[in-house]
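Structure at a glance
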Amino acid sequence: MVSTGTHSDGVPVVAYRIARASGEVLAARQDHVDFYAASTVKLAVLVAAARELDAGTASLDEVRTATRTFTSQVPGAGDYTIEPDDVDEGLPPDGTPMPLGDVVERMITVSSNEATNMVADRVGLPAVNKVLADAGATGSVFGRKYSDLAAEQAGASHRTTAADLCLLMSALVAGKLAGPERTGWMCELLGRQTDRQLTAAVPHGVPFGSKSGWVDGIRHDVAFVGEPGPDTLVVSVCTRGYDEQAAEETLKSLGALALSLTGPPR
């Protein structure tokens, strides 16, 4: 799902980092340039949910209520609804009980903004930003729920860099952010994301997972390839200022190039 508004952020640019999950950087270009993060920071929301599951303070069967209406974080701004262009038509009608596991699944596999807001309400924004800090993604922030226009107008945003996305995915697949069971659960969900860009050329049978993000003028993706662990290949690419076709061709080409230069996944 897209996020509200246009976030072209200036001149066209492509930034990337190719690394091992251990931290070894294999190639990089402008990887510390700041971007509007779009949906890529939903990775941190996923980890925050996994930590609640690890701690026993949440369960996958826990009942949440489907909704497209949320309360703004800006005092006095009241409630808002997800804008029509961003609505997840696959969610059940408002008021329908849903297991937390199903909500998280839609957040990742189809990048549902409503599902993300539901999870963010459950775990809290501070927990999401602690995940980013713990991963070393110090240039990134999860600043608001999606479609909270009052918060956006007040300056709250989602920001990231290609370096930070690589660090976040690397820490996730290396098991540094959650326990083994929940790390496996997260990797399995990421392997079912329907928007495949960097992983389009991954050979059949090779494990992979990814989380993309897009709004007008913005197209990003971060992916892992290979069995999760310190040797896993991690690729992150951020673009801005390109039309959708050009941006997707760039992502897919860089993903294929990373695979060809590093050889078979380890």
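Here's what I pulled together on the structure shown here. Everything quoted here is computed from the prediction, not taken from an experiment. (Residues numbered from 1 in each chain as written. Predicted model: local features only at pLDDT ≥ 70, side-chain atom pairs only at ≥ 80, totals over all residues. Heavy atoms only, no water.)

**Section: helix α3 (residues 113–123)**
Where we set the bar: Remark: exposure states derive from per-residue accessible area (1.4 Å probe, protein chains only) relative to the maximum for the residue type, with buried under 20%, exposed over 50%, and partly exposed in between. The numbering of helices and of strands both runs from the N terminus, where a helix is a DSSP run of H or I of at least 4 residues and a strand a run of E of at least 2. What qualifies as a polar contact is a pair of N or O atoms within 3.5 Å, subject to a donor-acceptor requirement within protein and to the restriction that residues adjacent in sequence count only when both atoms come from side chains.
By the criterion of burial, α3 is predominantly enclosed, with 9 of the 11 residues buried. When we look at burial in α3, the residues that qualify are N113, E114, A115, T116, N117, M118, V119, A120 and V123. If you check the start of α3, you find a side-chain oxygen 3.5 Å away from the backbone N of E114, and it comes from S112. Looking one or two residues past α3, G124 carries a phi angle of roughly 90 degrees, positive in sign.

**Notes on helix α1 (residues 42–55)**
Heads up, the condition is: What a helix is expected to span follows from its residue count: subtract one and scale by 1.5 Å.
Compared with the 20 Å implied by 1.5 Å per residue over 14 residues, the 20 Å span of α1 between its first and last C-alpha is a close match. Of all 14 residues in α1, 11 are buried, a share of seventy percent or more. Among the residues of α1, those classed as buried are K42, L43, A44, V45, L46, V47, A48, A49, A50, E52 and L53. Once α1 finishes, G56 follows within two positions and takes phi at roughly 80 degrees, a positive value.

**Re the packing of aromatic side chains**
Put simply, the rule is: Stacked, tilted and edge-to-face are the three classes applied to pairs of Phe, Tyr and Trp rings, where Trp contributes its six-membered ring and a pair requires centres within 6.5 Å; stacked means planes under 30 degrees apart, edge-to-face means over 60, and tilted covers the rest. Only when the NZ of Lys or the CZ of Arg is both within 6 Å of the ring centre and within 35 degrees of the ring normal is a charge said to sit over the ring.
Applying the stated rule across the entire model yields 2 aromatic pairs. With a centroid separation of 6.2 Å and an interplanar angle of 40 degrees, the aromatic rings of F70 and Y80 are classed as tilted. With F70 in strand β5 (residues 69–71) and Y80 in strand β6 (residues 79–81), the pair connects residues that are 10 residues apart, well separated along the chain. When the centroid spacing of 6.1 Å and the interplanar angle of 70 degrees are considered together, the rings of F142 and Y146 count as edge-to-face. The same class applies to F142 and to Y146, which are both buried. Seen from the ring of F35, R240 lies directly overhead, with NZ or CZ sitting 4.8 Å from the centre.

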